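Take a look at the letters that make up each chain.
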Amino acid sequence: MSGDREPELSPAEQSIVDLIDEAAITALTTALVEAPSENPGGTEGAAVEVLEKACRALGLAVDTHEVAPQRPNLIATLPGGDGPGLMFLGHSDVVPAGPNWTADPYTVRTRDGRLYGRGTTDMKGGIAAVVAAMSVLSRARDFGVALSGPVRLVCTVDEEEHGSGVRDFVGRPSDSDFLGCIVAEPTDMQVVRGCRGASYIEIDVTGRAAHSGRPSDGRSAIDAAAAIVDIVRADHRRLAETLDDLLGCGTWNVGIIRGGQGISVVAPTSYLGIDRRLMPDEDPHAIAETLRKTIREKKIDTDGISVEVRVTMEMPGFATAPDHPLVTAAVGSVTDAGTATSVGGWSAACDGGFVSRDLGIPSIVLGPGNINTDAHQPDESVAIADLVTAAKAYTLAGLRLLHPPAE
């Protein structure tokens, strides 16, 4: 699907979209970025305070809840009718700035129509675009349009690490039903209807130290860890033999390996930190149990070797049907906002998997900026024009999904 046709906006839609304020989006993005919220290493409290102030100024109903000290989730709601609403999902944390920036990462610079700073793309610019859309949707009645359900922004903490914010959110009762959720992560305004999930599987191996001159007196934890890596590599190859058209396949990656006491000592301990990307129907705990079983079957954890396998992070995947109204409305809205789009899957993971799995709300990912070329790197930036396009697309999606029922 693409945006090669002429935009098709009704007069009311055009009038509402025309209210979108580029300067306001730029100002809110700037304020959010300049309230640093690195994770790990900081808190999201200052950034959420900025967002809360902006939402209250627009007359939105705002609720915050501390998941941990100075780490509050925020929920901002634009009331509508009694029907199902539309949810937007974002996160307030950013990855650490890291080295090699050409200027202060938390002082926003504007150059060639782009905003530079940590979080401009991932994903404070997307949040600002959602707030802009909610601002103009709040005036829809002025143009004869009544929303059939609420519009809600959910902004969670800790998305970049362990997902404590979204876990807290989905564990709380909701006062509304939602027909869909748009995650405003950076997709370059492509409509992502499915994401793989992610999990961390950490393994501690314990052996027995001995003098390296007589290695048979000890039990090498490094040798055992190497055998486990062989299991992981073999399963990675097996998974690649069957590819899903949308999401490909699950993958393994051994990201960290540590072990040993000294060159002349048989290694008494070893550690593996493994990333296991998940298909929507996969459970990391079941995967970890299968790994434990294989380790036992291959007798790696015998004769003085013990192995502990644990899941320390999980983020579920999801897939929404290509003909779901959320998907089709998003495609039409992006196109009518003046940008070409397509429908596909995403190799990254996001909080939308929890909303889809635990709350049963169909989800897509759609936002300004490019996760591969702009996010998680020095001199992160986003085009101001893309923020405006996102705000227009979110506005149109809200208008088209939250229409009054036919008489």
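In this text, all values refer to a predicted model and were calculated from it rather than measured experimentally.

## Observations concerning the sheet that holds strand 5 (residues 114–116)
So, point 1. Taken in spatial order, the three strands of this open sheet run 4-5-16, and their pairing is antiparallel. Edge positions in the open sheet fall to strand 4 (109–111) and strand 16 (381–383), since each of these has one partner strand only. The mean angle between the axes of side-by-side strands here comes to 25°, regardless of whether they run parallel or antiparallel.
So, point 2. One ladder, built from three bridges, connects strand 4 with strand 5; its direction is antiparallel. What sits directly across from Arg-109, in strand 5, is Tyr-116.
So, point 3. Together, strand 4, strand 5 and strand 16 form the strand contacts of helix 10 (residues 384–401), whose direction differs from that of strand 16 by roughly 65°.

## Focus: unusual backbone geometry
Working note: non-glycine residues mostly have negative phi, and peptide bonds are mostly trans.
So, point 1. The omega torsion across Asn-39 and Pro-40 is 0°, close enough to zero to call that bond cis.
So, point 2. Position of Pro-40 relative to the elements: it lies in the loop between helix 2 (22–33) and helix 3 (45–57).
So, point 3. Cis geometry marks the peptide bond from Asp-122 to Met-123, where omega comes out at -10°.
So, point 4. Mapped onto the elements, Met-123 comes out in helix 4 (residues 120–137).
So, point 5. Positive phi values are uncommon outside glycine, yet Gln-70 reaches one of about 60°.
So, point 6. In this structure, Asn-100 is a non-glycine residue whose phi angle is positive, near 75°.
So, point 7. Locating Asn-100 in the fold gives a position in the loop between strand 3 (85–91) and strand 4.

## Regarding the environment of Leu-243
So, point 1. Along the chain, Leu-243 turns up in the loop between helix 6 (221–239) and strand 10 (251–259).
So, point 2. Among residues more than four places away in sequence, those in contact with Leu-243 are Gly-248 and Cys-249.

## Observations concerning the domain arrangement of the chain
So, point 1. Per the domain assignment, the segments of the chain are domain 1 (11–195 + 317–402) and domain 2 (198–313).
So, point 2. Inter-centroid distance (C-alpha atoms) of domain 1 to domain 2 is 37 Å.
So, point 3. Taken together, the contact pairs 15 residues of domain 1 with seven residues of domain 2.
So, point 4. For the pair domain 1 and domain 2, the two sides together bury roughly 750 Å², of which 62% comes from carbon and sulfur.
So, point 5. Sorting the residues of domain 1 by area buried against domain 2 places His-162, Gly-317 and Ala-349 first, and these three jointly supply 37% of that buried surface.
So, point 6. Where domain 1 meets domain 2, there are zero salt bridges.
So, point 7. For the interface between domain 1 and domain 2, the tally reads zero residue pairs in polar contact (both at pLDDT 80 or more).
So, point 8. Those elements giving two or more residues to the side of domain 1 that touches domain 2 turn out to be strand 8 (191–195), strand 13 (318–319) and strand 14 (343–346).
So, point 9. For the side of domain 1 that touches domain 2, the class distribution of residues is six nonpolar, six polar and three charged.

## With respect to the side chain of Ser-220
So, point 1. Along the chain, the position of Ser-220 falls in the loop between strand 9 (197–206) and helix 6.
So, point 2. There is a polar contact of 3.0 Å between the side chain of Ser-220 and the backbone nitrogen of Asp-223.
So, point 3. Discounting chain neighbours no more than four positions away, the residues touching Ser-220 are Val-266, Ala-267 and Ile-305.

## Examining the pairing of strand 2 (residues 71–78)
So, point 1. When you tally the buried positions in strand 2, you get seven out of eight residues, the bulk of the element.
So, point 2. Pairing analysis gives seven bridges linking strand 1 (residues 61–68) to strand 2, with the strands arranged antiparallel. Within strand 2, the residue paired with Ala-68 across the bridge is Arg-71.
So, point 3. The antiparallel pairing of strand 1 with strand 2 creates a hairpin that spans two residues between the two strands, and Gln-70 there sits at a positive phi of about 60°.
So, point 4. Relative to strand 6 (residues 151–156), strand 2 runs antiparallel, the two being bridged by five bridges. For Leu-78, the partnering residue across the bridge sits in strand 6 and is Val-151.

## A word on the environment of His-91
So, point 1. For His-91, the location among the structural elements is in strand 3.
So, point 2. Sequence-wise, His-91 and Gly-126 are 35 residues apart; in three dimensions their C-alpha atoms are separated by 9.7 Å.
So, point 3. When sequence neighbours within four positions are dropped, the list of residues in contact with His-91 reads Asp-122, Met-123, Ile-127, Cys-155, Thr-156, Glu-159, Glu-160 and Glu-185.
So, point 4. Here Asp-122 takes part through its side chain, which lies 3.2 Å from a polar atom of the side chain of His-91.

Criteria and cut-off values
- Residues numbered from 1 in each chain as written.
- Predicted model: local features only at pLDDT ≥ 70, side-chain atom pairs only at ≥ 80, totals over all residues.
- Heavy atoms only, no water.
- Pairing = 2+ DSSP bridges.
- Helix = DSSP H or I, 4+ residues; strand = E, 2+ residues; numbered from the N terminus.
- Axes fitted to C-alpha atoms, helices over the stretch in contact; angles between N-to-C directions.
- Contact = heavy atoms within 4.5 Å.
- Domains from an automatic or database assignment.
- Buried area = accessible area lost by both parts, 1.4 Å probe.
- Salt bridge = Lys/Arg side-chain N within 4 Å of Asp/Glu carboxyl O.
- Polar contact = N/O pair within 3.5 Å; in protein donor to acceptor, adjacent residues only side chain to side chain.
- Nonpolar A, V, L, I, M, F, W, Y, C, P; charged D, E, K, R; others polar.
- Buried < 20%, exposed > 50% of the residue type's maximum accessible area, 1.4 Å probe, protein only.

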